[in-house]
Amino acid sequence: MTFGVAAFLWAAVAGIIPVVLHMINRQHAPVVYFSTLRFLRLSVHRTRRRKRLHDLLLLLLRVAALVLLAIALAQPAVSWLHRWMTGQSSTSVVLILDNSGSLATKDQNGPRWDRLRSAALQILDELREADEVALLVTNGPARQSVRGLSRNHEIVRRAVRTCRPSFERADLVAAVSEARRLLRSAPVTASEIYIVTDMQACCWNDLQRPAETAERDDAGCPIVMVDVSGPRLSNSALLAITTEATAPVAGAPLRVTVDLQGDAQVAEERHVSIYLDSQKRDTSSTLRIEPAERVRHTFQLTLSGSGLHRGHLQLEEEDACPADDRLWFAANTDPSVRVAIVKNAAHEIANLDQAYYLERALTLRNDPHGAFLVSSLAPASLASMSLAQFDLIFCVDLPAPELAVAQQLVAYVEKGGHLIWISGEHVDPVAYSVMDNQVQGRLLPTRLFGVQRENVERPEGWRIAWIDPLDAAVAPFAEPASIHQSVLITRFMKIAPTAAPGVQVLARMDDGQPLLVRRRVGAGSTCLLATSLHVDWTNFPLKPLFLPFLTHFAFQLAGAEANQPVLLPGDPWQLPLSADDDTIVEVVRPGGEVVRPVREEANPNVIHFQDTHEVGVYEVRIHRGPHVRTAAFAVNPDPEEAAPGYVTAAQLEQLLAPHRLFLCHDATRVSQTIRDLRKGWPLGGVILTLVIVALVAETFQANRREYRVPPV
Amino acid sequence: MTTRTGYRYLDPAALGRVKNLSLLARGVVEGFISGLHASPYKGFSVEFAEHRNYVPGDNLRHLDWRMLARTDRLYMKQHEEETNLRAQIVLDVSRSMMYQTERALPKLQYGAYLTAVLACLMTRQQDAVGLTTFDQRVRLDMPARTSARHFGEMMTQLESLVDQLDKTPASVGGQGTCIAETLHQLAERFKRRCLIVLISDLYDEPEAVVRALHHFRHRRHDVILFHVFDKAELEFTFRETARFVDLETGEQLQVDPGFVRDHYQAQLREFIDGYRRACSDCRIDYVMTDTSVPYDFMLSRYLSKRSGL
């Protein structure tokens, strides 16, 4: 409680007057001579207790009337923003600004962001010089916040002015928890939390209370929430985008699918356009969005030219929130995967060469910038060559390599290379086992047991019966079964039927025996195809499945894919590396700024890039020695920000208990609201009413015993 | 102040109101001269009562000669003899009787006025009137006489006593009243049947006083009890808390009248009802009055009612 004129409280001392008068009256009662006291004596004795209570009550009423009058004159007020009487020296304040995507919305009374900024500045204007303030901006780079309590209000003002809405979803529950932590460490006991937000439901953690619970002392820290939302205009949002490309090559079709949703009460008609490399490529037909329903539309494009392609989808019509009207995507064609095909001496008849079909499949385009840069190597040259320059190495029908070569191959795999063993006549299971043992089993994904040929039981050989539908390297070919059931295998290398720990079976034949297995070793992997890639063993190279399967498998192993990942703002992008890998990564932000993320000491095998607050396409340049590989990822607005749900005051009160919550609905009158809250609710009227009640009660009580004509 | 009658407490106006009324004894009284009241004695007097047979030795003066002529038998006449009333006015002059409120007579003066009128009335009736005053003991005891000189003496004594009592400061407390004991003494003192007129506030133990009244009745006295109060005693009209002082004992008590009034009045009612019942039981005329009621009005009403019975 606070007092406007606290000096009047001294008048409460007047409450002692009735006590003194009472005592004086007792001593100086007038003397009355009466005929006899015989009846009075008994009457006094019988009524003594009642009289005492009556006198006490009367005394209390009189004292209360005087004391309450003094209190009423002191202009009391109840304010949760001031714990003690006026004159408190300072307050610690945490100002939380919600800069989630929805704050970019325009309402009927103007942009929410403008109201948010105005409200924040009004709050800062109401601070006293000695007050400490911290600013927590829910999204975006940490530099936007002023995370320590400071008496330099100008820094905070500047931060408020330069702050911008993000494209992310806010976590206000976490922000309140952080505010509590800040305030608990403050030396000043008085504290306040201000939250400026548009009351969107998705920012409140599904109304789940945080793991860190409020303490009892937090009850003394009020939370003032300023609602900057206004009468809403209708809004349509692009929610999600998916891209599909069969192969990261120019000329391959690219499908771009987008989901839209509107929040209007009536159906709306919208158009979406797709842009690729800054050129408008297509516009959708009229899309009719029913209330609370999603609409999906797919664009079909062909990527021309190699390299990184940047694209975005754009909602053509203007609406309340422009932040959710655009979604980005990236496609990387011809990623220049470096492939080495290690084979025995080339056969004089080209098509009898074991690697013939493989080479043809990987070198479809005779283009120095093509998808695969293929080098054919002899086994002997491996020892003297730096294998790091290759993304993939195919070992085609090779005898078991020597120890030195095997060790080099192991090192190559462990540093992130991918080795694919192709079976053939020259693959000796015993020698391979010896070789594998020499390198502690790190070269082969599994043991080899010998060649199985077609026989009486299997006169037609074996067919591919199952392809792993969950592994990205082979999943596109898992269904329908008809696309792989036509592949016939007449000879294959028997390998362990069940996958050992760490070994993944990617394809099986119709008798259940594995056909293609993979094992991760270090940062890379080693794979084994149980059959050869030559018609002697199988008709696979002659089937339509062969080319897309092989190229897709190769692209996947090399990490090259047309569909670049899509992240939400604030999500980290990661690149796994080996510890002694000297790879350098550069990230080009959508705005053109180049950043070099460094490895963390705690986890040197991964490069983290955290600063993904800007939406758009981020280009990643991976430097491995002289070679540079390009990747990309897109960052798009959080689709939850387009969700129309809003929280109520009752829900927030329950969530934020024991903090006392004050809601200010008019963002233009925040200053007045704060002043009213600090001044408190006046109690003068209430107390004066109590005074009157006390006086009336005193009058009644004092005159209860009225003179009446006795019926004697 | 001395009235035109020459006596302070004998107001001619009051006397005028009751002059046509008479105070008759309820039962027979033993008077010593002819008066209004029936005598218990049958002797030779003016009014024939009955015959009886002649007994040798009777005085032939009272022989009924007509009966002899008619019946040849000897009969003696007997006559009722009307005789006078012997009355004793017993006035309580204790300190409690000194109580008065504004615009009202002290109870004692009220009693004095009442005494004077009664005494005058009875003296005119040729009744013998005596006066006894008492507080904790008998103060004045004048035997019943019929003469006017005796009446004057009574009035003088009464005035002197009242004056003397008036001069005693209220702060000087007495020792209370022993009504019962004094009444017992008086009951023994009055040998012959008479009319006892008791004027008092009876502030004593009711049971003891009632026993004393019974004593009077046992001695075949006719008793009239004037129970005198002040209006303030009946209604307890006090408002402010005050220190009440007992006029008789000097005892003090702080009282908030508003709190005790109901209880006090209940007790007083019970006190009065007790006397009323007791008097009714032993056929004593009980007259409750307070000093706000003019004594002559009260007395004339009572005498009229008594005559009607």
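See the structure above.
Quantities reported herein were computed from a predicted structural model and do not represent experimental measurements.

Parameters and conventions
- Residues numbered from 1 in each chain as written.
- Chains lettered and ligands numbered in written order.
- Predicted model: local features only at pLDDT ≥ 70, side-chain atom pairs only at ≥ 80, totals over all residues.
- Heavy atoms only, no water.
- Patch = residues over 30% accessible without salt bridge, like charges linked within 9 Å, V, L, I, M, F, W, Y side chains within 5 Å.
- Areas by Shrake-Rupley, 256 points an atom, 1.4 Å probe, with all protein chains shown as cover.
- Salt bridge = Lys/Arg side-chain N within 4 Å of Asp/Glu carboxyl O.
- Helix = DSSP H or I, 4+ residues; strand = E, 2+ residues; numbered from the N terminus.
- Buried < 20%, exposed > 50% of the residue type's maximum accessible area, 1.4 Å probe, protein only.
- Arc of directions from axis to C-beta.
- Contact = heavy atoms within 4.5 Å.
- Pairing = 2+ DSSP bridges.
- Axes fitted to C-alpha atoms, helices over the stretch in contact; angles between N-to-C directions.
- Buried area = accessible area lost by both parts, 1.4 Å probe.
- Polar contact = N/O pair within 3.5 Å; in protein donor to acceptor, adjacent residues only side chain to side chain.

Colleague: Outline a nonpolar patch on the surface, supporting the account with residue identities and numerical values.
Modeller: All names here are of chain A. Where nonpolar side chains cluster on the molecular surface, the patch consists of Trp10, Val13, Ile16, Ile17, Val20, Leu21 and Ile24 and spans about 710 Å² of accessible area. In this fold, Ile17 is placed in helix H1 (residues 17-27). On the basis of relative accessible area, Ile17 is assigned to the partly exposed category, the value being 43%.

Colleague: Provide a residue-level description of helix H5 (residues 179-189) of chain B, including the pertinent values.
Modeller: All names here are of chain B. Among all positions in H5, only Ile179, Ala180, Thr182, Leu183, Leu186 and Ala187 are buried. Angular distribution of buried residues about the axis of H5 spans 160°; they occupy a single face of the element. Residues of H5 that are buried make contact with strand E4 (86-92), strand E5 (128-134), strand E6 (138-145), strand E7 (195-200) and helix H6 (206-218).

Colleague: So what's going on with the sheet that holds strand E7 (residues 132-137) of chain A? Residues and values would help.
Modeller: Residues and elements named next belong to chain A. Pairing within the open sheet is mixed, and its six strands lie in the order E8-E7-E4-E9-E10-E38. In the strand order of this sheet, the two ends are held by strand E8 (146-150) and strand E38 (661-664), each with one partner. Put simply, the sheet's adjacent strands are angled 15° from each other on average, direction ignored. Two strands pair when backbone bridges link them, and strand E4 (residues 92-97) and E7 are joined in this way by six bridges, in the parallel orientation. In the strand pairing of E7, Val94 is matched with Ala134. Of the strands in this sheet, E4, E7, strand E9 (191-197) and strand E10 (223-227) are in contact with helix H3 (residues 112-125), which crosses E4 at around 175°. Sitting on the sheet, helix H11 (residues 649-656) touches E10 and E38, and the angle it makes with E38 is about 150°.

Colleague: Account for the sheet that holds strand E2 (residues 31-34) of chain A, naming residues and giving values.
Modeller: Pairing within the open sheet is mixed, and its three strands lie in the order E2(A)-E9(B)-E10(B). Two strands lie at the open edges of the sheet, namely E2 of chain A together with strand E10 (252-255) of chain B, each paired on one side alone. Here the average twist between neighbouring strands, direction ignored, is 35°. Summarising the sheet, E2 of chain A and strand E9 (residues 242-246) of chain B pair through four bridges and their orientation is parallel. Residue pairing in the sheet places Phe34 of chain A in a bridge with Asp246 of chain B of E9 of chain B. Seen against the sheet, helix H2 (residues 38-73) of chain A touches E2 of chain A together with E9 and E10 of chain B and runs at an angle of roughly 50° to E10 of chain B.

Colleague: Lay out the pairing of strand E19 (residues 326-333) of chain A in plain terms, naming residues and giving numbers.
Modeller: A regular strand places its side chains so that they alternate between the two faces of the sheet. Residue and element names in this part refer to chain A. The element E19 is largely enclosed, with a buried count of seven among its eight residues. Where strand E18 (residues 307-315) lies against E19, eight bridges are found, and the strand directions are antiparallel. Paired with Gly307 across the two strands is Thr333, which belongs to E19.

Colleague: With reference to specific residues and values, describe the interface of chain B and chain A.
Modeller: The partner chain A presents 31 residues to the 43 residues of chain B that form the contact. Each partner contributes to the roughly 3600 Å² buried at the junction of chain B and chain A, and carbon and sulfur atoms together form 65% of this total. The interface formed by chain B and chain A holds three salt bridges in total. Note that Arg41 of chain A is salt-bridged to Glu251 of chain B, the shortest N-O span being 2.9 Å. The interface formed by chain B and chain A holds 14 residue pairs in polar contact (both at pLDDT 80 or more) in total.

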